[in-house]
Amino acid sequence: MTAVSNLAAHAGYWLRMVSNAVSHDFARKVAAEGVTVAEWTLMRALYDHQAMAPTVLARKMGMTKGAISKLADRLLEKGLLARQDNPGDRRAHSLALTALGRSKVPVLAALADANDAEYFGVLTLKERGDLDRILKTLAEKRGLTSVPVD
C-alpha cells in the first residue's frame, strides 16, 4: 500500500491556514468601512495617481478590464470613485478617486497595517524579514504578478 502524506506535512497547508485567517480578518475590517478587499486594492492602486485609464489600471493590477469595470461600478455607486471623460477621445475615460475615496484610503491602509501587525508582529524582525524574502522569492520564481484581491 502506498503511503499517503498527512495534510499538515505540506507547506501549502500552513500557508493557506495563515493566509485564510489574515485575509478573512482583513476582509471583515474593511467591510466595516463599507468596501471589499478587491475595492480597497483598486483604491490603493489609484491613490498615488490623479487619474488612470481602466486599461492601464487592469495591466497594473494584473486583472481584466471587465473585472476593473465591475469594481469601478461598485465604487462609483459608493461615491468613492469618479469617471473622467477624455476630451481628446469621447470613447475613452479615466478613473479617479473622489475626495471621499481619497480620504478613505489612509483609513483602510491603517487597517491593513494593523492586521499585518496583529498576525506578523509575533515574529522577530529577522523572522519577518526571512518570511517576506521567502514569499517574494516564491512569487518571483513562479511568475506571480497579479494583485491578490480575494
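The structure presented is a predicted model; accordingly, all values stated were derived computationally and were not measured. (Residues numbered from 1 in each chain as written. Predicted model: local features only at pLDDT ≥ 70, side-chain atom pairs only at ≥ 80, totals over all residues. Heavy atoms only, no water.)

Draft legend 1. Expanded view of the pattern of salt bridges. Within this structure, the stated rule accounts for 11 salt bridges. For the salt bridge of Glu118 with Lys29, the shortest nitrogen-to-oxygen distance reads 2.8 Å. Pair noted here: Glu118 is in helix α5 (residues 99–120) and Lys29 is in helix α1 (residues 11–31), with a separation of 89 residues, a long-range link. Under the relative-accessibility criterion, Lys29 is labelled buried at 19%. (Salt bridge = Lys/Arg side-chain N within 4 Å of Asp/Glu carboxyl O. Helix = DSSP H or I, 4+ residues; strand = E, 2+ residues; numbered from the N terminus. Buried < 20%, exposed > 50% of the residue type's maximum accessible area, 1.4 Å probe, protein only.)

Draft legend 2. Broad picture of the packing of aromatic side chains. Within the structure shown, the criterion is met by 2 aromatic pairs. Each ring, one from Tyr13 and one from Trp14, has its centre 5.0 Å from the other, and the planes form 90°; the classification is edge-to-face. Accessibility expressed as a relative area gives 43% for Trp14, which makes it partly exposed. With 6.5 Å between their ring centres and 70° between their planes, Phe26 and Trp40 make a pair best called edge-to-face. On the criterion of sequence distance, the pair formed by Phe26 in helix α1 and Trp40 in helix α2 (residues 37–47) is long-range, its members being 14 residues apart. For the residue pair Phe26 and Trp40, the accessibility class agrees, reading buried in each case. (Phe/Tyr/Trp six-rings, centres within 6.5 Å; stacked < 30°, edge-to-face > 60°.)

Note that all results are geometric; they support no functional claim without further evidence.
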